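Structural features, examined
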Amino acid sequence: MIMSLQSHLVRQYDQDINELKHLLFSMGDLVLQQIADASQSVRNGDIDLAQTVCDRDAAINALEVSTDRCATLLIAKHQPAASDLRLVFGIAKMATDFERMGDQARNIAKTAQTEMPEDLIHAIASTNIVETTTKVVNLALLALKNLSETAAVNTLRADSDVDDCYVKGIKAISEYLREHPQDANAGLTCMNILKAYERLGDHATNIAEHVIFILDGEDIRHLRLDALPESLAKLG
């Protein structure tokens with residue numbers, strides 16, 4: 001009887017953990033789609049697609065609430081310890097990052113309603129910030145879904161490429177505005193777009209940091225890449 005009860009509790013715990021992971025993975029996949037659609041809406045001036053992105057943000061918010069509720073119930077029912085507890089707390093924190101990433105995607109989509117000169121759109125595209133940010137978010141999702149330290153460290157490294165694209169974009173827009181001061185409002189909108197992508201990269205980095213904490217308990221927040229523990233620095 002005792003063995004049967006223990007087996008049932010283990011199965012129930014596994015089911016609850018899998019449900020929690022499924023909710024978070026669903027958030028991540030939806031955020032990735034939001035980024036792609038928001039980027040396309042700006043590139044093509046597609047107001048309808050931009051509105052779809054804005055409307056779909058509510059689904060991300062709902063998933064965050066469900067993830068938090070699921071994590072709270074799991075802790076109350078099973079009282080996980082050590083690495084299991086780090087997993088549950090890490091998932092709850094990552095849900096917050098995904099929600100904020102959804103907000104950034106929505107912010108990008110909202111700018112599709114602003115008429116912008118082709119040269120400014122080209123200035124953003126020439127930085128490759130969309131492709132670079134998408135790569136970083138994909139790496140973070142890979143690290144999360146596979147609980148891979150290697151993918152997590154690669155995410156941290158790749159985020160510097162997003163920062164480089166951001167700086168390059170700010171310079172390009174500033175140069176354009178010196179010659180076309182009448183387009184100041186459109187230029188500010190483009191700078192906000194660049195900032196949104198830069199923030200997406202930061203949140204992807206947060207997710208990678210949470211994955212590393214879940215796996216080995218190392219809190220690497222606020223550490224420079226060259227200050228990572230040796231066991232992590234050699235990965236990638």
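Residues numbered from 1 in each chain as written. Predicted model: local features only at pLDDT ≥ 70, side-chain atom pairs only at ≥ 80, totals over all residues. Heavy atoms only, no water.

**Remarks on the overall build of the chain**
A tally of helices and strands in the chain yields eight helices and zero strands. Counted from the first residue to the last, the chain has its helices and strands arranged as α-α-α-α-α-α-α-α. Taking contacts inside the chain between residues at least 6 apart in sequence as the whole, the part at least 24 apart equals 82%. Split by element, the accessible area of the chain, about 12000 Å² in all, is 52% carbon and sulfur. (Helix = DSSP H or I, 4+ residues; strand = E, 2+ residues; numbered from the N terminus. Contact = heavy atoms within 4.5 Å. Areas by Shrake-Rupley, 256 points an atom, 1.4 Å probe, with all protein chains shown as cover.)

**A look at the nonpolar core**
Counting 65 residues, the largest nonpolar core has Met94, Phe98, Ile129 and Leu144 as its most contacted members. Ranked by the residues each element gives to this core, the list is headed by helix α7 (residues 184–216), at 13 residues. (Core = buried A, V, L, I, M, F, W, Y, C linked by side-chain atoms within 4.5 Å. Buried < 20%, exposed > 50% of the residue type's maximum accessible area, 1.4 Å probe, protein only.)

**Some details on the pattern of salt bridges**
Across all of its chains, the model carries seven salt bridges by this definition. Where Arg106 meets Asp103, a salt bridge forms, and the shortest distance between an N and an O atom there is 3.6 Å. Here Arg106 and its partner Asp103 are both found in helix α3 (residues 82–110), three residues apart, which amounts to about one turn of the helix. Each of Asp57, Asp103 and Arg106 takes part in one network of salt bridges that share partners. (Salt bridge = Lys/Arg side-chain N within 4 Å of Asp/Glu carboxyl O.)

**Focus on the environment of Val130**
Of note, Val130 is situated in helix α5 (residues 129–146). Judged by its relative accessible area of 18%, Val130 falls in the buried class. Separated by 90 residues in the primary sequence, Val130 and Gln40 have C-alpha atoms spaced 9.8 Å apart. Residues within four places of Val130 in sequence aside, it is in contact with Ser39 and Tyr197.

**Structural notes on the environment of Glu99**
Following the sequence through the fold, Glu99 ends up in helix α3. In this structure the C-alpha to C-alpha distance between Glu99 and Met27, which are 72 residues apart in sequence, comes to 7.9 Å. Apart from the residues within four sequence positions on either side, Glu99 is in contact with Met27, Ile60, Asn61 and Glu64.

**Here we look at α7**
Here α7 contains 33 residues, and its C-alpha end-to-end distance of 48 Å stays within 8% of the 48 Å for a straight helix at 1.5 Å per residue. Gly217 occupies a position one or two residues after α7 and carries a positive phi of about 80 degrees. (Expected span 1.5 Å × (residues − 1).)

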